[in-house]
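If you want the building blocks of each chain, they are given just below.
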There are 2 protein chains.
Amino acid sequence: MTVVTANNRAYRVPAHAVVVITVDGGDPSYFYDGLERGIMPRLQRMLDEGGVFSVGASEVPSLTNPNNISIVTGVPPAIHGIPGNYCRTPEDGLVLLNDAKYLRAPSIHARFEEAGVPTLMVTTKDKLRQLLGNGGVPSVSVERAAGAGIPEYGIESVEELVGEPAPGVYDPLASHYAMRIGLSALRAAPQIRLLYVSLTDRVQHAHAPGEDVSDLFFTEFDALLGEYLDAGCTMAVTADHGMNAKHDENGEPRVHYLKDVLEAAGIPVEGVVLPITDPYVKHHGALGSFAWLHLSAEHREPARRVLSALPGVEEIWDREQAATVYELPRDRIGDLAVTASADTALGSAAADHDLTQLHGPLRSHGGRHEQPVPLILSGSVDGPLADPFEAGILRSRDIHDLVLNHVGA
Amino acid sequence: MTVVTANNRAYRVPAHAVVVITVDGGDPSYFYDGLERGIMPRLQRMLDEGGVFSVGASEVPSLTNPNNISIVTGVPPAIHGIPGNYCRTPEDGLVLLNDAKYLRAPSIHARFEEAGVPTLMVTTKDKLRQLLGNGGVPSVSVERAAGAGIPEYGIESVEELVGEPAPGVYDPLASHYAMRIGLSALRAAPQIRLLYVSLTDRVQHAHAPGEDVSDLFFTEFDALLGEYLDAGCTMAVTADHGMNAKHDENGEPRVHYLKDVLEAAGIPVEGVVLPITDPYVKHHGALGSFAWLHLSAEHREPARRVLSALPGVEEIWDREQAATVYELPRDRIGDLAVTASADTALGSAAADHDLTQLHGPLRSHGGRHEQPVPLILSGSVDGPLADPFEAGILRSRDIHDLVLNHVGA
């Protein structure tokens, strides 16, 4: 049996296609709800026939980039280097963490490719493609599918491969197009052994479990999951983070604007860094439940006192402690890290956030309360990971270890 | 090289004595302070001569029993079964978790003993001895040293071995007597390969870094650490949890009595379980920064709303989520888990807590803010754990893996 090592974890090379799907914003509540109401019959059948459903924890901040990278590297942000979608780096100042140059660890897929094992990364948002494609991994995104091919597998046109034009990245079915690309690619290139498909949370940001658009999303998801299963793939499904409503009964966002609050208290702020920040402002207006503050040393304790008195502000940690408890790289986080409750978001200055573009009342993530995520497998877990899987204490970054090394027949 | 496996982790059997010391309540701040003021010359010399100092995270709740068991088993409470000093179990109701029958995982030391490798557990508090001695591991406590021997090593009298009578468990130097027992036992039984010494936090509960009694504690600790080093032992030092002041400027405890608060809001409470509860009430009056609530289903969301409005209350999780984010056994925790800030403690009903017995203004632990702990080794870390050690993201439960498998010369 061939084994490939990535970041000090060993992974078996499978004899057939293994597929990991990350449902962006795929809070466990969507799956509980969908299963209970019977709108996910293929997932239900998979579970009835030996598949398993548990929960685990994502990285904090509970955001897309850190978690997708944790999932494909098997290690936390302290090791892979991506603690947010956005952060302040010592070398380049404030940057979107979309550039592969910020990666400090290779993906499992890159190590498979080095070992001659064919892999593919399919993303919905193009922001992830560069990171996930690092190390010579074939990659394609829905957002840039028009005109793109997958030359490594002789595919000249992704849209021709799928048989329809790619939707826009804000289309509720954009994620499903990513799943279709993966399916079509597996048919065209059956040598692929490890496929990663990363969806987008456009629907989850706007719609709670049980809403029509959510049902459309998960019904379609379920049908495509069924197609993967019918194709004989071993399947794993997780999420990069959960999702919670962060608005009041009137639909108004429940937000603390930390720069405004601190300046009103006479505390000068070097910077409020909102690591949820990304190019997809219609999703969240850069408002999530996690913030880093850059402050000169004498202002940190006063800032902590002011912020801890705000309702909905939960944990406040200094840089060293935040690195330890959240497993983050010390050089890419703030002097203070602030988290908010499930129903509260954190902003910088009110004037900097344009909420007129939101698709609906604010639903978002980034904090501790969006850390629980589903861990779903098409077969039972055996060996040393069986007990922690059952106990719900594994991490989403364990999903490749689970599906490649521990899933029984 | 002989390797022994415990709970799916493999440990090398050392050719000479390896010693792990858990400083109860040994917050990193005591070590930072002691090193800065030069009162720990042997630790300083150890670090100058190749030893390493980093931080890591303890289990939450950050308490003695869960963490000592995590340290000696290498797995979290979800696996070893001890989520507090005290909890409600389905089988026995409210119990002090001092009885080995509640253990769900063997210790590394029990597996070493099974493999014929001599080990020894020395505790200060007797409450830990039964748990740590489980599986046929020779064990002795300072609290019950009078009249006790260590028959496995032909030691008839512990007090004769040490050469002086054991102090009381509330004596500031009780911990050092535990270290002396370990040293004397190693001299009398040089076949011992793995020694665990667990101290008590009587001093840390009453004295901040830099106070005279703290300085006495760490000066004596340092001298004894030096004796272990002079005896050729490979050393590891960690803590079961940190420690923070939980009182206001006037020395009054800053406490929310959760039962009182909820009942005043008209919410009936089945039980408030304070997992810090143990026989050593002079330390903390059962007041720490973590509580479990047992509530009927319809009262959980109202309780969450009431409690989350209290200043200093941080995270509130339901049972399933608490099990995931804190890695706890679902059947031994409450319907809600509540954590408090560094400066705030949680009680049940005010009338149930006798604070007149405290040694001084309340200093305590149990919450997230007492999670950071020191990880100190007498040699550098090599191999796969080097990067996470340096990043400060390992757990105290990794200390045996570190010291047995990854410490260089």
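Residues numbered from 1 in each chain as written. Chains lettered and ligands numbered in written order. Predicted model: local features only at pLDDT ≥ 70, side-chain atom pairs only at ≥ 80, totals over all residues. Heavy atoms only, no water.

Chain A goes by Phosphonoacetate hydrolase in an unreviewed UniProt entry, where it is assigned to Rhodococcus spongiicola.

A.B. asks: Just to check I follow, could you spell out the overall build of chain A for this structure?
C.D. replies: Secondary structure summary: chain A contains 16 helices and 19 strands in total. Expected size for 409 residues packed as a compact globule is a radius of gyration near 22 Å; at 21 Å, chain A falls within 12% of this value. For chain A, the spread of C-alpha atoms along the three principal axes comes to 65 × 45 × 45 Å. The 409 residues of chain A split such that 64% are buried. Of all intrachain contacts in chain A linking residues separated by at least 6 positions in sequence, the fraction that spans at least 24 positions is 73%. Split by element, the accessible area of chain A, about 13400 Å² in all, is 48% carbon and sulfur. Taking the 31 positively charged and 54 negatively charged side chains of chain A as two groups, their mean positions are separated by 4 Å. (Helix = DSSP H or I, 4+ residues; strand = E, 2+ residues; numbered from the N terminus. Rg over C-alpha atoms; globule rule 2.2 N^0.38 Å. Buried < 20%, exposed > 50% of the residue type's maximum accessible area, 1.4 Å probe, protein only. Contact = heavy atoms within 4.5 Å. Areas by Shrake-Rupley, 256 points an atom, 1.4 Å probe, with all protein chains shown as cover. Lys, Arg positive; Asp, Glu negative; His and termini not counted. Charge placed at Lys NZ, Arg CZ, Asp CG, Glu CD.)

A.B. asks: Would you explain the side chain of R332 of chain A in this entry?
C.D. replies: With respect to the element layout, R332 of chain A can be found in the loop between α14 (319–326) and β16 (336–340). By relative accessible area, R332 of chain A is classed as buried at 3%.

A.B. asks: I keep staring at the interface of chain B and chain A and nothing clicks. Help me out?
C.D. replies: How big an interface is tends to be stated in terms of the accessible area lost upon association of its parts. Between chain B and chain A, the residue contacts involve 31 residues of the former and 31 residues of the latter. The contact between chain B and chain A buries some 2400 Å² in all, and 55% of this surface belongs to carbon and sulfur atoms. Summed over the three residues of chain B that lose the most area to chain A, namely T324, R368 and I393 of chain B, the buried surface amounts to 24% of that side. The interface formed by chain B and chain A holds two salt bridges in total. (Buried area = accessible area lost by both parts, 1.4 Å probe. Salt bridge = Lys/Arg side-chain N within 4 Å of Asp/Glu carboxyl O.)

A.B. asks: Any chance you could explain the sheet that holds strand β15 (residues 313–318) of chain B here in plain terms?
C.D. replies: Two orientations exist for strands paired in a sheet by backbone hydrogen bonds: parallel and antiparallel. Residue and element names in this part refer to chain B. What the four strands build is an open sheet, ordered β13-β14-β16-β15; its pairing is antiparallel. Each edge of the open sheet is held by one strand with a lone partner, namely β13 (271–273) and β15. Pairwise comparison of adjacent strand axes, ignoring direction, gives a mean angle of 20° for this sheet. Of the pairings in the sheet, the one linking β13 to strand β14 (residues 290–294) comprises three bridges and is antiparallel in character. Each residue of the ladder has a partner; that of V273, found in β14, is W292. Across the sheet, helix α13 (residues 300–308) lies against β14, β15 and β16 (336–340), angled at about 170° from β15, the strand it touches most. Taken strand by strand, helix α14 (residues 319–326) contacts β14, β15 and β16, and its axis lies near 110° from that of β15. (Pairing = 2+ DSSP bridges. Axes fitted to C-alpha atoms, helices over the stretch in contact; angles between N-to-C directions.)

A.B. asks: It is not clear to me how the environment of P209 of chain B should be interpreted in this structure. Could you clarify?
C.D. replies: Residue and element names in this part refer to chain B. With respect to the helices, strands and loops of the structure, P209 is situated in the loop between α9 (202–206) and α10 (212–230). A sequence separation of 175 residues divides P209 from G34, and the C-alpha atoms of the two residues are 7.8 Å apart. Here P209 is in contact with S29, Y30, D33, S214 and R363, once residues within four sequence places are set aside.

A.B. asks: What is the right way to look at the sheet that holds strand β13 (residues 271–273) of chain A in this model?
C.D. replies: Residue and element names in this part refer to chain A. In spatial order, the strands read β13-β14-β16-β15; together these four strands make up an open sheet with antiparallel pairing. For this open sheet the edge positions go to β13 and β15 (313–318), each flanked by a neighbour on one side alone. Taking the axes of each pair of neighbouring strands and ignoring which way they run, one obtains an average angle of 20° across the sheet. Contacts from helix α13 (residues 300–308) reach β14 (290–294), β15 and β16, with the element oriented near 170° to β15. Against the sheet, α14 touches β14, β15 and β16, its axis set at about 110° to β15.

A.B. asks: I'm lost on helix α8 (residues 174–188) of chain A in this one. Help?
C.D. replies: In an α-helix, one full turn covers 3.6 residues, which means residues spaced three or four apart are oriented alike. All names here are of chain A. In a regular helix each residue adds 1.5 Å, so 15 residues correspond to 21 Å; α8 covers 21 Å between its end C-alpha atoms and thus fits that length. For α8, the tally of buried residues reaches 12 of 15 residues, placing the bulk of the element in the interior. Within α8 the residues assigned to the buried category are A174, S175, H176, Y177, A178, M179, I181, G182, L183, S184, A185 and L186. Buried residues belonging to α8 abut β3 (18–23), β7 (119–123), β8 (139–141), α7 (158–162), β9 (194–198) and α10 (212–230). (Expected span 1.5 Å × (residues − 1).)

A.B. asks: Can you help me understand the domain arrangement of chain A in this one?
C.D. replies: Residues and elements named next belong to chain A. Here chain A is partitioned into domain 1 (3–243 + 367–406) and domain 2 (255–364). Centre-to-centre, using C-alpha coordinates, domain 1 lies 27 Å away from domain 2. Taken together, the contacts link 43 residues of domain 1 with 35 residues of domain 2. A buried area of about 3300 Å², summed over both sides, lies between domain 1 and domain 2, and 56% of it is on carbon and sulfur atoms. There are six salt bridges connecting domain 1 and domain 2. Note that R104 is salt-bridged to D331, the shortest N-O span being 2.7 Å. Joining domain 1 to domain 2, the criterion identifies 15 residue pairs in polar contact (both at pLDDT 80 or more). Split by residue class, the side of domain 1 that touches domain 2 holds 20 nonpolar, 10 polar and 13 charged. (Domains from an automatic or database assignment. Polar contact = N/O pair within 3.5 Å; in protein donor to acceptor, adjacent residues only side chain to side chain. Nonpolar A, V, L, I, M, F, W, Y, C, P; charged D, E, K, R; others polar.)

A.B. asks: Would you mind going over unusual backbone geometry with me for this structure?
C.D. replies: Trans is the prevailing form of peptide bonds, just as negative phi is the prevailing case for residues other than glycine. All names here are of chain A. The peptide bond linking V60 to P61 adopts the cis configuration, its omega dihedral lying at 0°. One can find P61 in the loop between β4 (52–57) and α3 (64–73). The residue N7 is not glycine, and still its phi comes out positive at about 50°. We note that A286 has phi near 65°; this positive angle belongs to a residue other than glycine. Within the secondary structure layout, A286 lies in the loop between α12 (281–284) and β14. Judged by its relative accessible area of 13%, A286 is buried.

A.B. asks: How do you make sense of the packing of helix α8 (residues 174–188) of chain B against α10 of chain B when you look at a structure like this?
C.D. replies: Residue and element names in this part refer to chain B. Close contact between α8 and α10 brings their axes to 10 Å; oriented N to C, the two are set at 10°. Our classification of the angle between α8 and α10 gives roughly parallel. Along the contact surface, α8 presents S175, H176, M179, R180, G182, L183, L186 and R187, while α10 presents F217, E220, F221, L224, L225, E227 and Y228. Within the contact of α8 with α10, the residues separate by chemical class into eight nonpolar, three polar and four charged. (Parallel < 35°, antiparallel > 145°, perpendicular 65-115°, else oblique.)

A.B. asks: What should I look at first to understand the nonpolar core in this one?
C.D. replies: The nonpolar side chains of a soluble globular protein tend to be buried, and buried together. Membership of the largest hydrophobic core comes to 53 residues, with the highest contact counts inside it found for F112, W292, Y326, L377, F389 and L402 of chain A. Two domains each put at least three residues into this core: domain 1 (3–243 + 367–406) and domain 2 (255–364) of chain A. In this structure, V18, V60, L103 and A110 of chain B belong to the second largest nonpolar core, which totals 51 residues. (Core = buried A, V, L, I, M, F, W, Y, C linked by side-chain atoms within 4.5 Å.)

A.B. asks: What's the story with the packing of aromatic side chains in this structure? I'm lost.
C.D. replies: Both the distance between ring centres and the angle between the ring planes are used here to describe each pair of aromatic rings. Scanning the entire structure with this criterion turns up 19 aromatic pairs over all chains. Between F290 of chain B and W292 of chain B, the ring centres sit 5.5 Å apart and the planes meet at 85°, which makes this aromatic pair edge-to-face. A single burial state applies to F290 of chain B and to W292 of chain B, both of which are buried. An aromatic cluster is present here, built from Y30, F31, Y32, F53, F217, F218 and F221 of chain A joined pairwise through their rings. (Phe/Tyr/Trp six-rings, centres within 6.5 Å; stacked < 30°, edge-to-face > 60°.)

A.B. asks: Can you help me understand the relation of the copies chain B and chain A in this one?
C.D. replies: Each of the two chain copies goes to the other by way of a rotation about an axis and a shift along it. Least-squares fitting of chain B to chain A yields an RMSD of 0.0 Å, with the superposition described by an axial translation of 0.0 Å and a rotation of 180°. Both copies are brought into coincidence by an operation consistent with a two-fold rotation axis. Minimal C-alpha distance to the rotation axis in chain B is attained by E314 of chain B, lying at 2.3 Å. By residue overlap, the copies meet face to face through one surface: 100% of the interface positions of chain B are interface positions in chain A. (Least-squares fit on C-alpha atoms with pLDDT ≥ 70 in both.)

A.B. asks: I'm lost on the environment of S396 of chain A in this one. Help?
C.D. replies: Residues and elements named next belong to chain A. Looking at the secondary structure, you find S396 in the loop between α15 (386–391) and α16 (399–406). The class of S396 is buried, set by a relative accessible area of 1%. Sequence separation between S396 and G74 is 322 residues; the distance between their C-alpha atoms is 8.5 Å. With near-sequence residues (within four places) excluded, S396 lies in contact with A57, S58, N67, I71, T238, A239, V373 and L375.

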